[in-house]
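# Residue-level structural notes
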Amino acid sequence: MRAVNPVITLATARRVLRQLSHDRRTVALMLLVPVFLLVLLYYVFDADERMFSSTGASLLGIFPLITMFLVTSIATLRERTSGTLERLMTMPFGKADLILGYAVAFGVFAVAQAVLATAVAIWPLGLETTGSPWLLLVIAVMDALLGTALGLFVSAFASSEFQAVQFMPAVVLPQILLCGLFVPREQMNGVLEWISGLLPMSYAVDAMQEVVTETGVTGSYVRDLVIVAAFALAMLLVGAATLRRRTP
C-alpha cells in the first residue's frame, strides 16, 4: 500500500462532507438519535439522576458507536453500489487515500455527535461524574470514531445495504452483551470473559466507568483509551487493504 497523499485525502473528505450536508435525514440521524436515546433513558429511570449516572455514562459511548457504525457502513456502501467509488479508483488514488478521506469526513460528524451527546447528558440531564467531564468527552469521541472505523471496515464485505445492516447483530450486539454493561465481565463464564477482552467496546465501557468513579486520569483510563484508538486504526488499515475496485 503506497503512502497517503494528504491532498487527495482531504479532497475526498470535502466531497463526502458536501454530500452528507445535503442529506438532512442522515445528518439528523447522526447528531440527534444518540441525544434522543439518552433523554429516553433518563425518563426510563423516572428522572432518577443517580440511576441514570450509573448506566448513562456507558451508554454515552455505546449509542454514538452504533449510529456511526450504521450510517458509515450504509453510506460508504451506497458510494460503491452507485459506481462513485469504482470511478474514483480508476484515478491515480491509493486505497488508503480514499478510506482515510471517508474516515475524516465521517469523523467530523462523529466528533460533533459525541460533543452534543456529552453536553446534553452532563448539563440538561445531570449525569454525574467523579472525574472531569472532558475525560468523558474524549472517550465518547473515540467511541464514535471507532463506530466510524467499524462501519468502513464492514462496508467492504457487504454487497447491499441490507447486508450492511445485517452486520450490526454480528459485529455490534455481541459487544454490547459482553462489554460489562449488564454483568461485570469478571463474573462472566471464563470463555466469555476472555472473548470480552478481545472486543473494543469492553474497553470503551471500562474507560467511561473510570471517569464516573475516579477523580483524575488513571492508568486504566489511558490504557483503555489507547486500546480503543488502536482498534479504530486497525479497522481503518484493514478496511483500506480489503477495499475492492468493483462491487459484485
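Reading guide: rules and limits
Residues numbered from 1 in each chain as written. Predicted model: local features only at pLDDT ≥ 70, side-chain atom pairs only at ≥ 80, totals over all residues. Heavy atoms only, no water. Helix = DSSP H or I, 4+ residues; strand = E, 2+ residues; numbered from the N terminus. Rg over C-alpha atoms; globule rule 2.2 N^0.38 Å. Buried < 20%, exposed > 50% of the residue type's maximum accessible area, 1.4 Å probe, protein only. Areas by Shrake-Rupley, 256 points an atom, 1.4 Å probe, with all protein chains shown as cover. 1 Å grid on protein atoms, 1.4 Å probe; cavity = no way out; pocket = protein on both sides within 12 Å on 5 of 7 lines; lining within 4 Å. Points joined across faces, edges and corners; volume = space filled by probe spheres on them. Nonpolar A, V, L, I, M, F, W, Y, C, P; charged D, E, K, R; others polar. Phe/Tyr/Trp six-rings, centres within 6.5 Å; stacked < 30°, edge-to-face > 60°. Lys NZ or Arg CZ within 6 Å of the ring centre and 35° of its normal. pLDDT = per-residue confidence, 0-100. Contact = heavy atoms within 4.5 Å. Patch = residues over 30% accessible without salt bridge, like charges linked within 9 Å, V, L, I, M, F, W, Y side chains within 5 Å. Salt bridge = Lys/Arg side-chain N within 4 Å of Asp/Glu carboxyl O. Polar contact = N/O pair within 3.5 Å; in protein donor to acceptor, adjacent residues only side chain to side chain. Axes fitted to C-alpha atoms, helices over the stretch in contact; angles between N-to-C directions. Parallel < 35°, antiparallel > 145°, perpendicular 65-115°, else oblique. Left-handed = near helix turned anticlockwise from the far one by under 90°.

## Remarks on the overall build of the protein
- Counting its regular elements, the protein contains 11 helices and zero strands.
- Put simply, the protein runs from its N terminus to its C terminus through helices and strands in the order α-α-α-α-α-α-α-α-α-α-α.
- Relative to a compact globule of 248 residues, whose C-alpha radius of gyration would be 18 Å, the protein shows 18 Å and is just as compact.
- For the protein, the spread of C-alpha atoms along the principal axes amounts to about 55 × 40 × 30 Å.
- Counting the 248 residues in the protein, one finds 50% classified as buried.
- If you sum the accessible surface of the protein, you get close to 11700 Å²; carbon and sulfur atoms cover 68% of it.

## Observations concerning the layout of surface pockets
- Space inside the largest pocket adds up to approximately 330 Å³.
- Lining of the largest pocket is provided by 17 residues; of these, Leu20, Asp23, Thr26, Ala75 and Arg78 occupy positions nearest its centre.
- Listed by contribution, the elements that provide at least two residues to the lining of the largest pocket are α1 (6-21), α2 (24-44), α3 (49-81) and α5 (95-122).
- No other element matches α3, which puts seven residues into the lining of the largest pocket.
- In terms of residue class, the lining of the largest pocket is built from nine nonpolar, five polar and three charged.

## Considerations on the packing of aromatic side chains
- If you walk through the whole model with that rule in mind, you get three aromatic pairs.
- Judged by centre distance (5.1 Å) and plane angle (90 degrees), the rings of Tyr42 and Tyr43 are edge-to-face.
- Its relative accessible area of 56% is what places Tyr43 among the exposed residues.
- In textbook terms, an aromatic cluster arises when at least three aromatic residues are bridged by ring pairs, as seen for Tyr42, Tyr43 and Phe52.
- Sitting over the ring of Tyr203, Arg185 keeps its end group 5.6 Å from the ring centre.

## Here's the deal with the confidence of the model for the protein
- Looking at the protein, pLDDT values average 88 and 92% of them are 70 or higher.
- Taken element by element, the predicted model of the protein shows its lowest mean pLDDT in helix α4 (residues 84-88) (66) and its highest in helix α9 (residues 190-196) (96).

## Things to note about the side chain of Ser53
- Looking at where Ser53 falls in the secondary structure, it is placed in helix α3.
- In this view, Ser53 contacts Gly126, Leu127, Glu128 and Val212; residues no more than four positions away in its chain are not counted.

## Side note on a nonpolar patch on the surface
- On the surface, a nonpolar cluster with roughly 230 Å² of combined accessible area is contributed by Leu10, Val104 and Val108.
- Take Val104: it is sitting in helix α5.
- Residue classification places Val104 among the partly exposed positions, given a relative accessible area of 36%.

## So, the pattern of salt bridges
- Using the criterion set out here, one finds three salt bridges in the structure.
- For Arg223, the salt bridge goes to Asp224, with nearest N and O atoms at 2.7 Å.
- On the basis of relative accessible area, Arg223 is assigned to the partly exposed category, the value being 43%.

## Describing the environment of Thr55
- Mapped onto the elements, Thr55 comes out in helix α3.
- Considered as a pair, Thr55 and Leu152 are 97 residues apart in the sequence and their alpha carbons are 28 Å apart.
- Ignoring sequence-local partners within four residues, the contact set of Thr55 consists of Leu41 and Phe45.
- Here Met51 takes part through its backbone oxygen, which lies 3.5 Å from a polar atom of the side chain of Thr55.

## Some points on the packing of helix α6 (residues 133-155) against helix α10 (residues 200-213)
- Following both chains from N to C, one finds α6 and α10 inclined at 165 degrees, their axes separated by 9 Å at the closest point. On the basis of their axis angle, the class for α6 and α10 is roughly antiparallel. Crossing hand, α6 versus α10: left-handed. Residue-level inspection shows Leu135, Leu136, Ile139, Ala140, Asp143 and Leu146 of α6 in contact with α10, the latter providing Pro200, Ala204, Ala207, Met208 and Val211.
- Residue composition of the contact of α6 with α10, by class: 10 nonpolar, no polar and one charged.

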